[in-house]
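Residues per chain are reported as follows:
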Amino acid sequence: MREYKVVVLGSGGVGKSALTVQFVTGTFIEKYDPTIEDFYRKEIEVDSSPSVLEILDTAGTEQFASMRDLYIRNGQGFILVYSLVNQQSFQDIKPMRDQIIRVKRYQQVPVVLVGNKVDLEDEREVSPSEDK
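What you see is a predicted model; the values in this text were computed from it and never measured.

A. Local environment of the overall build of the protein chain. On a plain count of helices and strands, the protein chain comes out with 4 helices and 5 strands. For the protein chain, the N- to C-terminal ordering of α and β elements is β-α-β-β-α-β-α-α-β. Across the 132 residues that make up the protein chain, the buried fraction comes to 37%. Put simply, the protein chain shows about 8,300 Å² of open surface, and 51% of that area lies on carbon and sulfur atoms.

B. Region of interest: the sheet that holds strand β1 (residues 2-10). Strand order in the open sheet formed by 5 strands is β2-β3-β1-β4-β5, and the pairing between neighbours is mixed. Only two strands of the sheet have a single partner each, and these edge strands are β2 (37-46) and β5 (111-116). Each adjacent strand pair in this sheet contributes to an overall mean axis angle of 25°, direction not counted. Both β1 and strand β4 (residues 77-83) contribute to a ladder of 5 bridges, which runs parallel. Paired with Leu-9 across the two strands is Leu-80, which belongs to β4. Strand contacts of helix α1 (residues 16-25): β1, β2, β3 (49-58), β4 and β5, with the helix running at about 155° to β3, the strand carrying the most contacts. Against the sheet, helix α4 (residues 93-103) engages β1, β4 and β5, with an angle of about 170° to β4.

C. Quick peek at the pairing of β1. Two strands pair when backbone bridges link them, and β1 and β3 are joined in this way by 7 bridges, in the parallel orientation. Bridged to Glu-3 within β3 is Val-52.

D. Seen up close, the pattern of salt bridges. Under the criterion given, the structure shown has 7 salt bridges. The shortest N-O distance in the salt bridge between Glu-3 and Arg-41 comes to 3.6 Å. Here Glu-3 is found in strand β1, whereas its partner Arg-41 is found in strand β2, with 38 residues between them in sequence. Judged by relative accessible area, which is 37%, Glu-3 ranks as partly exposed. By relative accessible area, Arg-41 is classed as partly exposed at 45%. Between Glu-54 and Lys-5 there is a salt bridge, with its nearest N and O atoms 3.1 Å apart. One end of the pair, Glu-54, is in strand β3; the other, Lys-5, is in strand β1, and 49 residues separate them in sequence. Several salt bridges converge on common partners, so that one network encompasses Glu-3, Lys-5, Arg-41 and Glu-54.

E. Local environment of the layout of surface pockets. Estimates place the volume of the second largest pocket at around 170 Å³. Element by element, the count of residues in the lining of the second largest pocket is highest for α1, at 4 residues. When the residues that make up the lining of the second largest pocket are grouped by side-chain class, the tally is 10 nonpolar, 1 polar and 1 charged.

F. Representation of the nonpolar core. One finds Leu-9, Ile-72, Phe-78, Leu-80, Tyr-82 and Ile-100 to be the most contacted residues of the largest nonpolar core, which totals 15 residues. At the level of elements, β1, α2 (68-74), β4 and α4 are the ones that each hand at least two residues to this core. In contact with Leu-80, not counting residues within four places along its chain, are Leu-9, Ile-93, Met-96, Arg-97, Ile-100, Val-111, Val-112, Leu-113 and Val-114. Within the second largest apolar cluster, 9 residues are counted, among which are Val-14, Val-24, Leu-53 and Ile-55.

Reading the values: the criteria
- Residues numbered from 1 in each chain as written.
- Predicted model: local features only at pLDDT ≥ 70, side-chain atom pairs only at ≥ 80, totals over all residues.
- Heavy atoms only, no water.
- Helix = DSSP H or I, 4+ residues; strand = E, 2+ residues; numbered from the N terminus.
- Buried < 20%, exposed > 50% of the residue type's maximum accessible area, 1.4 Å probe, protein only.
- Areas by Shrake-Rupley, 256 points an atom, 1.4 Å probe, with all protein chains shown as cover.
- Pairing = 2+ DSSP bridges.
- Axes fitted to C-alpha atoms, helices over the stretch in contact; angles between N-to-C directions.
- Contact = heavy atoms within 4.5 Å.
- Salt bridge = Lys/Arg side-chain N within 4 Å of Asp/Glu carboxyl O.
- 1 Å grid on protein atoms, 1.4 Å probe; cavity = no way out; pocket = protein on both sides within 12 Å on 5 of 7 lines; lining within 4 Å.
- Points joined across faces, edges and corners; volume = space filled by probe spheres on them.
- Nonpolar A, V, L, I, M, F, W, Y, C, P; charged D, E, K, R; others polar.
- Core = buried A, V, L, I, M, F, W, Y, C linked by side-chain atoms within 4.5 Å.

This is the structure we're talking about:
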C-alpha cells in the first residue's frame, strides 16, 4: 500500500486542525486548542489503488517555527492554510511557501492553498481578488 506524507502549515488559529480532523473523522471541532503537533492516518484511494495518507498537523505559533524545516524535509505534499478573516495569516503564507521551495531544493512538490473560514463572510479581511 502506498503512503503519502502531507504537511498542513499555516498561522495559529486559521483552522488547520479543524480542517484536518473534519477530513479524517468527519466531525467538526468548534473549540480552539493550539496544536503543537498532531499526526493522523487515513486510508484513501489514489488512482484506484488503496493508499494511506499520513497527515502532519503542525503548530501555527512562531514558537515552533524552527521545527518547520524538519516537517518540510519529510513531507511529500503540503497544504497551506490561511483564514479569510485574518489578512496577516494570508501574508504569512508566502514565507512558508518560500521555505518549502528552499528546503525541497526547488523540487516540484504538490502545494495546495486553502482559504478557510469562508462562512464568516461579514468579517472577511482577504478580498476575493487577493486570494486567487
